[in-house]
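If you want the building blocks of each chain, they are given just below.
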Amino acid sequence: MQKAQFACHAPIIELDDVSFAYEQRPVISNVSFAVQERDFVGVIGSNGAGKTTLLRMIVGLLKPTGGSIKLFGRPIGQFRDWERIGYVPQKNSFNPLFPATVREVVLSGLYNRNKLFKRVSKADAVKCDDALHAMDIEDLAEKRIGQLSGGQQQRAFLARALINNPALLILDEPTVGIDTETQEGFFHLIKHMHQHHNITFLMVSHDMEMIRSYLGQEPKRQAGKIDFYVKHSHDLEDCGETNLTHSLRGLRQAMESGKVGV
Ligand SMILES: Nc1ncnc2c1ncn2[C@@H]1O[C@H](COP(=O)(O)OP(=O)(O)OP(=O)(O)O)[C@@H](O)[C@H]1O
């Protein structure tokens, strides 16, 4: 069967002249950038350059003070398909005393802003089990999130972001505070998801080696500036799976067969 020719290259995020200020204090000025379907974008910048602020605008938690943002071709104000976006915020934005179990944290990824206290259906429970299984943390499901190690917490948050089979994954420094070996495993997993599933990545990282080795570019950190490094979808051989639907299980199988690991 012939593939739709431009299926891989639809615009996913479009920033047009975006600016942001916290109470008159400008943090981001006139950023324009486009992310296409299945791109892998590394966001680099010095501390305080505004990377987290930028991601928070893209996931609709902050409103730009200037310019416009489109998601999946729609102005962000009209965008409603939030379940297409998985977001893993910076680790230090999480309060470890929060009294939730890993299962509850993962399930919370299913509830959009208007349905925080939705009842858990059978189908939701299955999705949750699949996500826990894919990240190999079923045995941690009933533990309090705050009792987990940094690496285990990251898997739980990734499972939360994956539970809706997202088309776009936004990760804010996902490996901070994690040992080198676990970081490498985590990165293998992300690479696997990028190469074999139709997922677009936007990832803030201080991991210059990752940018160098995977995106094939030499990153330069410039004071107060945000830079984007991209591996375009057309660098990959094909469009991959259309989504993760049958692949949370596939992902786990690949991990079990030793191709990827965390
Ligand atoms: N809620 C807030 N109110 C006021 N100022 C803020 C707020 N959040 C962040 N800032 C400021 O905005 C600037 C950008 O912060 P942001 O967290 O976006 O930077 P960052 O590039 O992600 O930094 P880091 O690499 O340290 O995580 C910083 O100077 C920060 O102090």
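What counts as what
- Residues numbered from 1 in each chain as written.
- Predicted model: local features only at pLDDT ≥ 70, side-chain atom pairs only at ≥ 80, totals over all residues.
- Heavy atoms only, no water.
- Helix = DSSP H or I, 4+ residues; strand = E, 2+ residues; numbered from the N terminus.
- Buried < 20%, exposed > 50% of the residue type's maximum accessible area, 1.4 Å probe, protein only.
- Contact = heavy atoms within 4.5 Å.
- Areas by Shrake-Rupley, 256 points an atom, 1.4 Å probe, with all protein chains shown as cover.
- Near = heavy atom within 4 Å.
- Polar contact = N/O pair within 3.5 Å; in protein donor to acceptor, adjacent residues only side chain to side chain.
- Nonpolar A, V, L, I, M, F, W, Y, C, P; charged D, E, K, R; others polar.
- Salt bridge = Lys/Arg side-chain N within 4 Å of Asp/Glu carboxyl O.
- Pairing = 2+ DSSP bridges.
- Axes fitted to C-alpha atoms, helices over the stretch in contact; angles between N-to-C directions.
- pLDDT = per-residue confidence, 0-100.
- 1 Å grid on protein atoms, 1.4 Å probe; cavity = no way out; pocket = protein on both sides within 12 Å on 5 of 7 lines; lining within 4 Å.
- Points joined across faces, edges and corners; volume = space filled by probe spheres on them.

- Under an unreviewed UniProt entry, the name given to the protein chain is ABC transporter ATP-binding protein, and the source organism is Paenibacillus lycopersici.

### Quick look at the overall build of the protein chain
Then, in step 1: Of regular secondary structure, the protein chain possesses 7 helices and 9 strands.
Then, in step 2: By the burial criterion, 49% of the 262 residues in the protein chain qualify as buried.
Then, in step 3: In the protein chain, the share of contacts with a sequence separation of at least 24, taken over all contacts with a separation of at least 6, comes to 74%.
Then, in step 4: A total of about 13500 Å² of accessible surface is found on the protein chain, and carbon and sulfur atoms cover 48% of it.

### Examining the site of the ligand
Then, in step 1: In the vicinity of the ligand there are 14 residues, among which Gly-48, Gly-50, Lys-51, Thr-52 and Thr-53 approach most closely.
Then, in step 2: Contact between the ligand and Arg-25: an oxygen atom at 2.9 Å from a side-chain N or O atom of the residue.
Then, in step 3: One of the side-chain nitrogen or oxygen atoms of Thr-53 is found 2.5 Å away from an oxygen atom of the ligand.
Then, in step 4: Against a free-state accessible area of 640 Å², the protein chains account for coverage of 60% of the ligand.
Then, in step 5: Listing elements by their share of the shell around the ligand, those giving two or more residues are β2 (25-36) and α1 (51-58).
Then, in step 6: Here the shell around the ligand takes 3 residues from α1, the largest share from any one element.
Then, in step 7: The residue inventory of the shell around the ligand, partitioned by class, reads 3 nonpolar, 8 polar and 3 charged.

### Comments concerning the pattern of salt bridges
Then, in step 1: Under the counting rule described, the total for this entry stands at 4 salt bridges.
Then, in step 2: Here Arg-84 and Asp-81 are joined by a salt bridge, their closest N and O atoms 3.9 Å apart.
Then, in step 3: Here Arg-84 falls in the partly exposed class, since its relative accessible area comes to 34%.
Then, in step 4: With a relative accessible area of 33%, Asp-81 lands in the partly exposed category.
Then, in step 5: The salt bridge partner of Asp-227 is Lys-225, with a shortest N-O separation of 3.3 Å.
Then, in step 6: Put simply, Arg-103, Asp-129 and Glu-142 are held in one network by salt bridges that share partners.

### Description of the sheet that holds strand β9 (residues 226-231)
Then, in step 1: Ordered by their spatial adjacency, 5 strands build an open sheet running β6-β7-β8-β3-β9, and the pairing between neighbours is mixed. Looking at which strands have only one partner, the edges of the open sheet turn out to be β6 (85-88) and β9. This sheet shows a mean twist of 15° between the axes of neighbouring strands, independent of strand direction.
Then, in step 2: Examined bridge by bridge, strand β3 (residues 40-45) and β9 share 6 bridges and lie antiparallel to one another. The partner of Ile-44 across the bridge, within β9, is Asp-227.
Then, in step 3: Here helix α5 (residues 180-196) sits on the sheet and contacts β3, β7 (168-172), β8 (200-204) and β9; the angle it forms with β8, its principal contact strand, is near 150°.
Then, in step 4: Contacts between helix α6 (residues 208-215) and the sheet are confined to β3, β8 and β9, with β3 contributing the most and set at about 150° to the helix.

### A word on the confidence of the model for the protein chain
Then, in step 1: Overall, the predicted model of the protein chain reaches an average pLDDT of 81, with 80% of residues at or above 70.
Then, in step 2: Of all helices and strands in the protein chain, the one with the weakest mean pLDDT is helix α7 (residues 247-256) (61), whereas strand β4 (residues 66-71) scores best (97).

### Digging into the sheet that holds strand β5 (residues 74-75)
Then, in step 1: A sheet is described by the order of its strands in space; here 4 strands give the open sequence β2-β1-β4-β5, paired in antiparallel fashion. Two strands in the sheet have a free side with no partner beyond their single neighbour: β2 and β5.
Then, in step 2: Of the strand pairs in this sheet, β4 and β5 are connected by 2 bridges, and their pairing is antiparallel. Residue pairing for β5: Lys-70 is matched across the bridge by Pro-75.

### Thoughts on empty space enclosed by the protein
Then, in step 1: Evaluated as defined, the whole model comprises 1 cavity of 30 Å³ or more.
Then, in step 2: Taken as a whole, the largest cavity encloses approximately 30 Å³ of empty space.
Then, in step 3: The wall of the largest cavity is formed by Ile-13, Leu-15, Phe-33, Val-35, Ile-58, Leu-202 and Phe-228.
Then, in step 4: Where the lining of the largest cavity is concerned, the elements lending two or more residues are β1 (11-22) and β2.
Then, in step 5: For the lining of the largest cavity, the residue count by class is 7 nonpolar, no polar and no charged.

### Concerning the pairing of β6
Then, in step 1: In β6, alternate side chains face the same way, and those of Ile-85 and Tyr-87 on one face and Gly-86 and Val-88 on the other are all buried.
Then, in step 2: Two elements, β6 and β7, share 4 bridges in a ladder whose sense is parallel. What sits directly across from Gly-86, in β7, is Leu-169.

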